[in-house]
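# Report on the structure
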Amino acid sequence: MDSTMSNTLLMDPSTIEPVGNYAFKREAQVIPTITGSLSAISSFLIIVIILRTNSKLSSPYHVIMFIMSLSVMISSSAFLLTTLPMPKDAIYPFY
């Protein structure tokens, strides 16, 4: 192993600073939170509207819309929580 490679492997991770990376900006944390919550709330409202109708899940259209809204609600909840496990002092440059 040459000296430059060994210096790279032994570099202190606390000295690495992200440069111009979108993942570390505030917008990258706020946008998924807002869009995920709006999508989850909208899907929940569609489910409530379907379940409050007289026919409930008796029509195939309502069943399809119910399943689609349920899956969208689950996936948008996951999208909403994507920034939650991110450490505040992340030292890894994701580029």
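Keep in mind the model is a prediction, meaning the values are calculated, not measured.

## Considering the overall build of the protein
Across its full length, the protein holds 3 helices and 0 strands. Shown N-terminal to C-terminal, the secondary structure of the protein runs as helices and strands in the order α-α-α. Pairs at least 24 residues apart make up 62% of the contacts formed inside the protein by residues separated by at least 6 positions.

## So, helix 2 (residues 27-52)
Three or four residues apart is the spacing at which side chains of an α-helix point the same way, because the helix has 3.6 residues per turn. Between its first and last C-alpha, helix 2 extends 37 Å over 26 residues, near the 38 Å set by a 1.5 Å rise per residue. Where helix 2 is concerned, the buried positions are A28, P32, G36, A40, S43, I47 and I50. Buried residues in helix 2 make contact with helix 3 (60-80).

## Observations regarding the side chain of H62
By the secondary structure assignment, H62 is in helix 3. At 3.3 Å, the side chain of H62 forms a polar contact with the side chain of S55. Not counting the four nearest positions on each side in its chain, H62 is found in contact with I50, T53, S55, K56 and L57.

## Details of the packing of helix 2 against helix 3
Taken N-terminus to C-terminus, the directions of helix 2 and helix 3 make an angle of 155 degrees; their axes are 8 Å apart at the nearest point. On the basis of the axis angle, helix 2 is roughly antiparallel to helix 3. Every pair of crossing elements has a handedness; the one defined by helix 2 and helix 3 is left-handed. Looking at side-chain class alone, the contact of helix 2 with helix 3 contains 14 nonpolar, 10 polar and no charged residues.

## Describing the confidence of the model for the protein
As a note on interpretation, predicted positions should not be read in detail where pLDDT is low. Averaged over all residues, the pLDDT of the protein equals 80, while 65% of them reach at least 70. Of all secondary-structure elements in the protein, the lowest mean pLDDT belongs to helix 1 (residues 3-9), at 51, while helix 3 reaches the highest, 95.

About the thresholds
- Residues numbered from 1 in each chain as written.
- Predicted model: local features only at pLDDT ≥ 70, side-chain atom pairs only at ≥ 80, totals over all residues.
- Heavy atoms only, no water.
- Helix = DSSP H or I, 4+ residues; strand = E, 2+ residues; numbered from the N terminus.
- Contact = heavy atoms within 4.5 Å.
- Expected span 1.5 Å × (residues − 1).
- Buried < 20%, exposed > 50% of the residue type's maximum accessible area, 1.4 Å probe, protein only.
- Polar contact = N/O pair within 3.5 Å; in protein donor to acceptor, adjacent residues only side chain to side chain.
- Axes fitted to C-alpha atoms, helices over the stretch in contact; angles between N-to-C directions.
- Parallel < 35°, antiparallel > 145°, perpendicular 65-115°, else oblique.
- Left-handed = near helix turned anticlockwise from the far one by under 90°.
- Nonpolar A, V, L, I, M, F, W, Y, C, P; charged D, E, K, R; others polar.
- pLDDT = per-residue confidence, 0-100.

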